[in-house]
Amino acid sequence: MKNVGIVYQDIYAKHDTGNHPECADRVINTIKRLKENQMYGDNRIAHFKKIDPRKVSLDQIRWSHSNSLINKVNAAVETTIKKNSHVYIDGDTVASPATFDAALYATGGNFAAIDAIFSGEIDRGFALCRPPGHHSNKDYARGFCIFNNIALSVEYLTRVKKLNRVVIVDFDAHAGNGTEEIFYSGLEQGELLFFSIHQHPNTLYPGTCFVDDIGKGKQQGKIVNITLAPYSGQKSIELAFEQIIMPMLREFQPEFILCSAGFDAHHNDPLTNLGFMDQTYSYIIHELGRISDEFAKGRIQCTLEGGYNIKHLGNSITNVLNSLADDNPIFKETDDFSIRQKAEILEYTENKLIPQLKAILAPYWKAFH
Ligand SMILES: [Zn+2]
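Not measured: the values here are computed from a predicted model. (Residues numbered from 1 in each chain as written. Predicted model: local features only at pLDDT ≥ 70, side-chain atom pairs only at ≥ 80, totals over all residues. Heavy atoms only, no water.)

Q: Got a minute to help me understand the state of the cysteines in this structure?
A: Should the sulfur atoms of two cysteines be covalently bonded, the bond is a disulfide. Under the definition given, this model contains zero disulfides. Lacking any disulfide linkage, Cys23 is separated from the closest cysteine sulfur, that of Cys145, by 15 Å. (Disulfide = S-S within 2.5 Å.)

Q: Would you mind going over the coordination of the zinc ion with me for this structure?
A: In an ideal tetrahedron of four donors about a metal, each angle is 109.5 degrees. In an ideal octahedron of six donors, the angles are 90 or 180 degrees. Around the zinc ion, the protein supplies Asp172 (OD), His174 (ND1) and Asp264 (OD) as donor atoms, at distances of 1.9 to 2.1 Å. Counting the intervening residues between successive donors of the zinc ion yields the motif D-x1-H-x89-D. Residue class for Asp172 comes out buried when judged on its relative accessible area of 1%. The buried category is assigned to His174, whose relative accessible area is 8%. (Donors = N, O, S within 2.8 Å, 3.2 Å for Na, K, Ca; no water. Buried < 20%, exposed > 50% of the residue type's maximum accessible area, 1.4 Å probe, protein only.)

Q: For this particular structure, what's the right way to read the sheet that holds strand S5 (residues 124-127)?
A: Backbone hydrogen bonds hold the strands of a sheet together, and the pairing may be parallel or antiparallel. Pairing in this open sheet of eight strands is parallel, and the strands run S2-S1-S5-S10-S9-S6-S7-S8 from one edge to the other. Among the strands making up the open sheet, the edge pair consists of strand S2 (48-51) and strand S8 (223-228). In this sheet, neighbouring strand axes are inclined to one another by 15° on average, regardless of whether the strands run parallel or antiparallel. As paired strands, S5 and strand S10 (residues 300-304) are joined by four bridges and run parallel to one another. Bridging from a neighbouring strand, Gly125 pairs with Gln301 of S10. In this fold helix H5 (residues 99-119) packs onto strand S1 (4-7), S2, S5, strand S9 (256-261) and S10, with an angle of close to 165° to the strand it touches most, S10. Packing against the sheet, helix H8 (residues 233-252) makes contact with strand S6 (165-170), strand S7 (191-199) and S8, and its axis sits at approximately 175° to S7. (Pairing = 2+ DSSP bridges. Helix = DSSP H or I, 4+ residues; strand = E, 2+ residues; numbered from the N terminus. Axes fitted to C-alpha atoms, helices over the stretch in contact; angles between N-to-C directions. Contact = heavy atoms within 4.5 Å.)

Bear in mind that shape data such as this cannot, by itself, settle questions of function.
Listed below in structure tokens is the structure:
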């Protein structure tokens, strides 16, 4: 069994978005679910550890973001305090009085977990944080996101922890467009392999990150957009792992695995249509766990992104935490192929999407020669 750190503090529930899918109940209810399953609180099983987040400095935020974005978020928060009402930073990203602090603690929660992994206190971590981050780029907070927690974690691992090869696996149903934009030309130090597994951008926000967006310069071939058709379901994700992700990970040999852990690909999610089940998330973590044990000293750090069905968010995160501990999923749904995995969609994944990805990536990866 592995020791798994869960990063949480009330500040994550204080980022108040009003009547909004990205709401405080997401983490409040998940904490309740974790307590029911003895993963959090006084009665927790010994291999689940509580990790306290810390604030990151603005200098660290500047690794991925401009002063103009920092000032914009600060100004929005000042206005919301003055007017005592929510302020929209973009069409769907809301600021409240606690937003700036919550965002600093969200990134800092990931840093604290990474520190705990490096000190040996835990093997793997999960930051149950808000606001999420993967849609934010250098200059814009957008898509419910403020600062890009996963991008900043990459910088922390390469600049401070001096790692050379880091992987991000973003399995949120929406493309990690902010992360992609930040790293499109590569890192200052070290190498990044970035997978974004998402519902095809022609059918869902943000409408970018297509299979032929593969990065440029030294990053070319190390950005991988796996654009699943709606209703792809668990079988499609298994194909993507077997044929694309696992061979690339074995070739890249990551020293650390980061996950943009979004749970809105679940079939009950109100915003998307990918058709994952609670146990799909266990499958993903189990596969990444094998790679982490082989190449990365077991090290995985997940940060919460989306996931808007409150009940299934709690179930799926519970499953992820168990998989991080190398244990079996608690929540298993019945696999109803006819509803969630249409045969023609699976055929599209197998005969179109995967061959297309292999062809595009073949010049950069021996696995596809
Ligand atoms: Zn999402």
